[in-house]
Amino acid sequence: MVDVQYHAHIKEMPKDERPRERLEFYGAQALSNAELLAIALRTGTKRENVIGLSQRLLTTFEGLGGLSRASVQELCGVPGIGRAKAVQIKAAMELGKRVMFMPDGDRI
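Residues numbered from 1 in each chain as written. Predicted model: local features only at pLDDT ≥ 70, side-chain atom pairs only at ≥ 80, totals over all residues. Heavy atoms only, no water.

1. Description of the overall build of the chain
No. 1: Counting its secondary structure elements, the chain contains 6 helices and 0 strands.
No. 2: Going residue by residue from the N terminus, the α and β elements of the chain occur as α-α-α-α-α-α.
No. 3: Put simply, the chain has 108 residues, and 32% of those count as buried.
No. 4: When contacts within the chain are restricted to residue pairs at least 6 apart in sequence, long-range pairs at least 24 apart make up 33% of them. (Helix = DSSP H or I, 4+ residues; strand = E, 2+ residues; numbered from the N terminus. Buried < 20%, exposed > 50% of the residue type's maximum accessible area, 1.4 Å probe, protein only. Contact = heavy atoms within 4.5 Å.)

2. Side note on helix H3 (residues 50-60)
No. 1: Among the residues of H3, those classed as buried are Val50, Ile51, Gly52, Leu53, Ser54, Leu57 and Leu58.
No. 2: Where H3 is buried, its residues touch helix H1 (19-26), helix H2 (33-41), helix H4 (64-69), helix H5 (72-76) and helix H6 (83-100).
No. 3: For H3, the capping residue at the N-terminal end is Asn49, with a side-chain oxygen 3.0 Å from the backbone nitrogen of Ile51.
No. 4: Glu62, located one to two residues past H3, shows a positive phi value of around 60°. (Polar contact = N/O pair within 3.5 Å; in protein donor to acceptor, adjacent residues only side chain to side chain.)

3. Let's talk about the nonpolar core
Note that soluble globular proteins tend to have their nonpolar side chains buried in a common cluster.
No. 1: Leu57, Leu67, Leu75 and Ile89 are the most contacted members of the largest nonpolar core, which has 20 residues in total.
No. 2: Counting only elements with at least two residues in this core, the list comes to H2, H3 and H6.
No. 3: When residues of this core are assigned to their parent elements, the largest contribution, 5 residues, is made by H3.
No. 4: Those residues within four positions of Ile89 in sequence are excluded, and the remaining contacts are Leu37, Leu41, Leu57, Leu67 and Leu75. (Core = buried A, V, L, I, M, F, W, Y, C linked by side-chain atoms within 4.5 Å.)

4. Examining unusual backbone geometry
No. 1: Not every positive phi belongs to a glycine, and Arg42 is a case in point at roughly 75°.
No. 2: For Arg42, a relative accessible area of 65% puts it in the exposed group.

Note that all results are geometric; they support no functional claim without further evidence.
Now the structure itself:
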C-alpha cells in the first residue's frame, strides 16, 4: 500500500502513486479499500488528504462492512465528513450491493 502521510494533497504525490492513475494503469483490483474509497470521495480536508480520511473512515467503522451499515448521520459524525461525502459513500456502497445481487449475465 502507498504511504501518503507526508503528502498534504494527492496532487503532491508522484503520478504513479495517485489512486486514480493507479486504477487506470493497474486496474481497480490493485487498489486498497482506502484508495478506492478515496476516489469516490474525491477530496480530503485542509489537514488530511483523501487517502488518510478514507483510512480513518475504514478504521472508525471497522472496515467496509461497518462503513456500509453506517447511517448518513453516523458518517457525518466523523470529522471531515459532511452530508455530501456521507451521501457519496452511501451511494457507492449501494451500487456495490446492487451489483452483487444481479444475475451473472446482467453484470456484463
